[in-house]
Amino acid sequence: MLRALWDEACTSVRAVEDQQLFEPWLECLRFHSATDRSIVLAAPNRLYVDWIRENLHAVLLRHLEAKAGHPIALSYELDPLLSVAAKPVVDVDATPVIDPEPTFRLNQRKTFDTFVVGNGNQFANAACRNVAEQPACNYNPLFLFGGVGLGKTHLLQAVGNRIRERDPSAHVLYMSAEDFTNELIGAIQKKRMDEFRDRFRRRCDVLLVDDIQVLATRERTQEEFVHTFNALHADGKQIVVSGDRYPKDIAGLEDRLRSRFDWGLVVDIQAPDMETRVAILQRRALEEGATLPRDVAFFIAQRCDGNVRELEGLLCRVVAFAGFHKEPITLDGARRWLSAIRPNEAPGHNVDHIVDQVARHYRVKSTDIRGKRRTKEIVEPRQLAMYFARQGTDLSYPELGRHFERDHTTVLYAVEKVECQRRADPAFELRVDGIGRSLGLKKKG
Ligand code: ADP
Ligand code: MG
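A short tour of the structure in this document, coming up. (Residues numbered from 1 in each chain as written. Chains lettered and ligands numbered in written order. Predicted model: local features only at pLDDT ≥ 70, side-chain atom pairs only at ≥ 80, totals over all residues. Heavy atoms only, no water.)

### Brief notes about helix α8 (residues 177-189)
Part 1: With 13 residues, α8 extends 18 Å between its outermost C-alpha atoms, agreeing within 8% with the 18 Å of an ideal straight helix rising 1.5 Å per residue.
Part 2: Its buried side turned inward, α8 meets β1 (30-35), β5 (172-176), α9 (193-202), β6 (206-210) and α10 (219-234).
Part 3: Once α8 ends, the next one or two residues include Lys191, with phi positive near 55 degrees. (Helix = DSSP H or I, 4+ residues; strand = E, 2+ residues; numbered from the N terminus. Expected span 1.5 Å × (residues − 1). Contact = heavy atoms within 4.5 Å.)

### With respect to the pairing of strand β2 (residues 38-43)
Part 1: Of all six residues that make up β2, six are buried, and the element is covered over most of its length.
Part 2: Along β2, one buried face is formed by Ser38, Val40 and Ala42 and the opposite face, lined by Ile39, Leu41 and Ala43, is buried too.
Part 3: Bridging between β1 and β2 involves five bridges; their strand directions are antiparallel. Residue pairing across strands places Thr35 opposite Ser38, the latter belonging to β2.
Part 4: Once β1 ends, the chain turns through two residues before running back antiparallel as β2, passing Asp36 with a positive phi of about 45 degrees.
Part 5: Pairing between β2 and strand β3 (residues 73-78): six bridges, direction parallel. Bridged to Leu41 within β3 is Tyr76. (Buried < 20%, exposed > 50% of the residue type's maximum accessible area, 1.4 Å probe, protein only. Pairing = 2+ DSSP bridges.)

### Concerning the site of ligand 1
Part 1: Taken together, 17 residues lie around ligand 1, and Val116, Gly149, Thr153, His154 and Arg309 are the ones closest in.
Part 2: Contact between ligand 1 and Lys110: an oxygen atom at 2.8 Å from a side-chain N or O atom of the residue.
Part 3: Within the backbone of Val116, an N or O atom sits 2.8 Å from a nitrogen atom of ligand 1.
Part 4: For ligand 1, whose accessible area on its own is 550 Å², the fraction buried by protein is 93%.
Part 5: Counting only elements with at least two residues in the shell around ligand 1, the list comes to α7 (152-166) and α14 (308-325).
Part 6: Counted by class, the shell around ligand 1 contains six nonpolar, seven polar and four charged residues. (Near = heavy atom within 4 Å. Polar contact = N/O pair within 3.5 Å; in protein donor to acceptor, adjacent residues only side chain to side chain. Areas by Shrake-Rupley, 256 points an atom, 1.4 Å probe, with all protein chains shown as cover. Nonpolar A, V, L, I, M, F, W, Y, C, P; charged D, E, K, R; others polar.)

### Things to note about the nonpolar core
For soluble globular proteins, the rule of thumb is that nonpolar side chains tend to be buried together.
Part 1: Of all hydrophobic cores here, the largest spans 29 residues; its most connected members are Trp6, Leu29, Ile39, Leu56 and Leu60.
Part 2: Of all the secondary structure elements, the ones that give two or more residues to this core are α1 (2-16), α2 (19-27), β1, β2, α3 (46-55), α4 (57-68) and β3.
Part 3: The dominant element in this core, judged by the number of residues it contributes, is α1, at six residues.
Part 4: Once residues within four sequence positions are removed from consideration, Ile39 is found in contact with Leu2, Leu5, Phe31, Ser33, Ala34, Leu64, Ile72, Ala73, Leu74 and Ser75.
Part 5: One finds Met175, Cys204, Ala216 and Leu253 within the second-largest nonpolar core, a separate group that totals 28 residues. (Core = buried A, V, L, I, M, F, W, Y, C linked by side-chain atoms within 4.5 Å.)

### Structural notes on the sheet that holds β3
Part 1: As summarised here, the arrangement of the three strands in space is β1-β2-β3, forming an open sheet in which the pairing is mixed. The strands lining the two open edges of the sheet, one partner per strand, are β1 and β3. This sheet shows a mean twist of 30 degrees between the axes of neighbouring strands, independent of strand direction.
Part 2: Each of β1, β2 and β3 touches helix α21 (residues 426-438); the most contacted strand, β3, lies at about 55 degrees to it. (Axes fitted to C-alpha atoms, helices over the stretch in contact; angles between N-to-C directions.)

### Details of the pairing of β6
Part 1: Buried residues dominate β6, accounting for five of its five residues.
Part 2: With five bridges joining them, β5 and β6 adopt parallel strand pairing. Note that in β6 the partner of Tyr174 across the bridge is Leu208.
Part 3: Relative to strand β7 (residues 238-243), β6 runs parallel, the two sharing four bridges.

### Remarks on the packing of α14 against helix α15 (residues 331-339)
Describing two packed helices takes the angle between their axes plus the distance from one axis to the other.
Part 1: In the contact formed by α14 and α15, the axes pass within 10 Å of each other and the chain directions differ by 110 degrees. With respect to each other, α14 and α15 are oriented roughly perpendicular. Classified by chirality, the crossing of α15 by α14 is right-handed. For the pair α14 and α15, the contacting residues are Leu314, Arg317, Val318, Phe321, Ala322 and His325 in the first and Ala334, Trp337 and Leu338 in the second.
Part 2: Split by residue class, the contact of α14 with α15 holds seven nonpolar, one polar and one charged. (Parallel < 35°, antiparallel > 145°, perpendicular 65-115°, else oblique. Left-handed = near helix turned anticlockwise from the far one by under 90°.)

### Side note on the pattern of salt bridges
Part 1: With the rule as written, the count across this model stands at 26 salt bridges.
Part 2: Arg199 is the salt-bridge partner of Glu183, the closest N and O atoms lying 2.6 Å from each other. Of this pair, Glu183 sits in helix α8 while Arg199 is found in helix α9, placing the two residues 16 residues apart along the sequence.
Part 3: Given the relative accessible area of 22%, Glu183 is considered partly exposed.
Part 4: The partner of Asp433 in a salt bridge is Arg422, and the shortest N-O contact between them spans 2.8 Å. On the criterion of sequence distance, the pair formed by Asp433 in helix α21 and Arg422 in helix α20 (residues 408-424) is long-range, its members being eleven residues apart. Accessibility assignment for this pair places Asp433 and Arg422 in one class, buried.
Part 5: Each member of the salt-bridge network shares a partner with another, and the members are Arg109, Arg283, Arg284, Glu287 and Glu312. (Salt bridge = Lys/Arg side-chain N within 4 Å of Asp/Glu carboxyl O.)

As structure tokens, this is what we get:
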């Protein structure tokens, strides 16, 4: 549904905005995924993302929100496979189509060979390999959990790719839990539940479901998923699921679904250590055909504490700049090219930017957030702005208090209140996480 919304927004941007200015950029963006009210777009490299954030983002949001009638969080993901001379995704990623449905495709580049093993992910990697070699033998279901950008999707796809490599006729279904929901809604609307069940329960040997946490509070989908799960499990089919937290910690996930995950193995992925980060960078540079000196790899690895996606983003930027300037990659160049995105200067890490963004999400004025009014509509965004400012900056409570022209205890209270409500109310949690993502902040806890 959000994909359709994106298509509509593109059409309207093309119709009313300056074609010459926007078309080349619009061309190179692709719909990547969506959850609830947030959309992730894929762009070919970090430079594009930076430019788009600065110049196109607000326009896109305006059109999206006008179509949707409610706030939308928009974020970007790098997909180096999207070439600059944009071609439809199907052409560029040369992905083998596993099922006619585009959502079930595996990315051929996400394999065990391209996955760098370090001490944060070695158990997850070993469990996935085991499952790929002997599906439904030892660990069924296998549940992978870990923070954003730590390789969950990569491993899930590696399992699928390996199983297909061993047996090209195997029916491997890879999908995000979001896709599962959308498929289900579509099937209900079109009265095609039999077809839906048939595909998931009978024409599927391996089911790989990514980001299960989005099913929190979606009762109907969970119910259907439990049935699918039971049918597959009873038939000896392998199930691998990923989530951003330990199953028991996903609020809004029904007990009978959570308890299913205890039947198998639950493994976590931790952020990679320094050596692993360097190895990942070198591996990625090799894939890009770039020569990455060791000191530069260390320099980049030092600047990013864990999220591999961010790590890749920094590398992409360095590679892209070196390419633009027709220079080899050097430590000096990397310093210069990355200086613009020092962590503390990233947009999500600036109080003004945070206030503006939160205000936009709630359709209130930034000045009101900073102001003194205490009406209900303004208190929640104000507290959230304080919460994100605390998360996204290194500022102390007293410093934050000065930013918001309030006592530091007010900020402290706001942060605690949001944390508390976040735990108690899954819908609120989703909203907070969505805004956090649009601010480029990492999820906490
Ligand atoms: P998640 O699904 O956990 O958010 P992804 O699997 O999408 O994370 O990983 C983000 C990016 O980092 C992907 O491009 C992935 O290929 C890459 N990546 C993550 N971990 C590794 C690793 N250990 N070795 C190589 N690439 C990795
Ligand atoms: Mg993922």
